[in-house]
Amino acid sequence: MRRLRQSDWSRRMVRETHLTPNDLIWPIFVAGGQYLEEPISSMPGVNRLSIDMVGLAAKEAANLGIPCIALFPYTAPHDRSPDGREALNPDNLVCRAIAEIKARAPGVGVLCDVALDPYTTHGHDGLLENGQILNDPTLEVLVQQALVQVRAGCDIIAPSDMMDGRIGAIRSALEAGGHQNTLIMSYAAKYASAFYGPFRDAIGTKAALSGDKKTYQMDPANADEALREVELDLAEGADMVMVKPGLPYLDILTRVKQRFGAPTFAYQVSGEYAMLKGAIDRGWLDGDRVILENLMSFKRAGADGVLTYFAREAARLLG
Ligand code: PBG
């Protein structure tokens, strides 16, 4: 076996998996204000950006060859409510950020999360009544949220709420509203994971979150169930599916890709970023190598692309 590993050229010649900037989706946190880059303590190196700065980041993404940006808002506390109605405001942070990206970097795709957690006072993804998340009433709001984002120019609607039936409901509403060309990337196999902690710091829901999300996000013990989730979402009209988190769920990613063959994405989530970045910053891991090795592992496992907070670093390294 070592004959093929003798030199760089021969290793390149037999390499099975390739990682390029086209594989990267860059998640960005959006906040109010101007010329602002606000650090997030549990995600060193990642900042919340004001809308003008999002525009600059989008230009950078275009220059680096990153095809798509994912937007997540840090909603001001006074704009949060029990029903998350700010999600439906056509002038909210996400909608304004979409416009800014489209003005500055029209060739970059924009993906928007559909879920209520950045907008609710309780930090849940759906409507809460007597401690229960209501499925169908939540769908009605999510459909409206998706339409608001699409009208603002969003290219990919990415429902992350894990309500039952949301892909079908959103797809029908898009068809009915004349938005036949909007893409849907479903967070199909999304687990109730402890690796989302830093993200909840970033969007300001950590302290507020009452209870946990185990009645809608998946049990980390289950794998067959992930295939059922993916099957439903594809049948309901998803163009692409996602497995989330990433590294601890590579087995799921492989099974999903092998079974369905649909475009399948991994989300290297905030806790995975924090884990690596913490060790990199202390000099315990070689950052450049560990970032690319980790991203390559998603590709090798079957991913068509990765949402990663290392997107900019990775694109620079690959460039
Ligand atoms: C919200 C949402 C979460 C993430 C993406 N969308 C958090 C959650 O479900 O609590 C997590 C992303 C990350 O940890 O990087 N629905």
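The coordinates are above.
A brief structural summary. By convention here, each chain's residues receive numbers from 1 onward along its written sequence. Two thresholds apply to this predicted model, a pLDDT of at least 70 for residue-level local features and 80 or more for giving and counting side-chain atom pairs, whereas whole-chain, interface and lining totals are computed over all residues. Side-chain figures throughout are based on the complete set of non-hydrogen atoms in the structure, without hydrogens or water.

When a carboxyl oxygen of Asp or Glu is within 4 Å of a side-chain nitrogen of Lys or Arg, the pair counts as a salt bridge. In total, this model carries 18 salt bridges according to the counting rule given. With a shortest N-O distance of 3.1 Å, Asp161 and Arg166 are connected by a salt bridge. Looking at Asp161, the relative accessible area reads 0%, which means it is buried. Within the structure, one salt-bridge network assembled from shared partners comprises Glu60, Arg312 and Arg316. Think of it in three bands: with a 1.4 Å probe and only protein chains considered, a residue is buried below 20% of the maximum accessible area for its type, exposed above 50%, and partly exposed in between.

A few words on the site of the ligand. Proximity is defined per residue: any heavy atom of the residue falling within 4 Å of a molecule or strand makes that residue near it. Not every one of the 17 residues close to the ligand is listed here, only the nearest: Lys190, Lys213, Lys244, Ser270 and Tyr309. Asp117 has a polar side-chain atom sitting 3.3 Å from a nitrogen atom of the ligand. Polar contact is defined as a pair of N or O atoms within 3.5 Å, subject to the rule that within protein one atom must be able to donate a hydrogen and the other to accept it, and that residues adjacent in sequence are counted only when both atoms are side-chain atoms. Gln217 places a polar side-chain atom, nitrogen or oxygen, 2.8 Å from an oxygen atom of the ligand. Accessible areas in this description were obtained via Shrake-Rupley with a 1.4 Å probe; residue shielding takes into account the shown protein chains only. Out of a free accessible area of 400 Å², the ligand has 100% covered by protein chains. Here the shell around the ligand is built from residues that sort into seven nonpolar, three polar and seven charged. As a working rule, the residues Ala, Val, Leu, Ile, Met, Phe, Trp, Tyr, Cys and Pro are called nonpolar, Asp, Glu, Lys and Arg charged, and the rest polar, with Gly in that last group.

Quick look at the side chain of His179 now. In this description a helix means any DSSP run of H or I spanning at least four residues, a strand means any run of E spanning at least two, and both kinds are numbered starting from the N terminus. Inspection of the secondary structure assignment puts His179 in the loop between α5 (166-176) and β9 (183-190). Here His179 is in contact with Leu147, Val150, Arg151 and Leu174, once residues within four sequence places are set aside. For this analysis, residues touch if any pair of their heavy atoms sits within 4.5 Å.

This paragraph deals with the packing of aromatic side chains. The description of an aromatic ring pair rests on the distance of the ring centres and on the angle between the ring planes. A pair of Phe, Tyr and Trp rings is counted when the ring centres sit within 6.5 Å of each other, with Trp represented by its six-membered ring. The angle between the planes then sorts it: under 30 degrees is stacked, over 60 is edge-to-face, the rest tilted. What the rule picks out here adds up to 10 aromatic pairs. With a centroid separation of 6.1 Å and 45° between ring planes, the pair formed by Tyr267 and Tyr309 is classed as tilted. With Tyr267 in strand β11 (residues 264-268) and Tyr309 in the loop between β12 (305-308) and α11 (311-318), this residue pair connects regions lying 42 residues apart in the sequence. Tyr309 matches Tyr267 in its accessibility class, with the two residues each being buried. A connected cluster of aromatic rings, assembled from ring pairs, spans Phe29, Phe72, Tyr187, Phe199, Tyr267, Tyr273, Tyr309 and Phe310. One cation-aromatic arrangement involves Arg48 over Tyr74; the distance from NZ or CZ to the ring centre is 4.5 Å. The ring of Trp284 carries the charged tip of Arg282 above its face, separated from the ring centre by 5.7 Å. Any Lys NZ or Arg CZ that is within 6 Å of a ring centre and within 35 degrees of that ring's normal is treated as a charge sitting over the ring.

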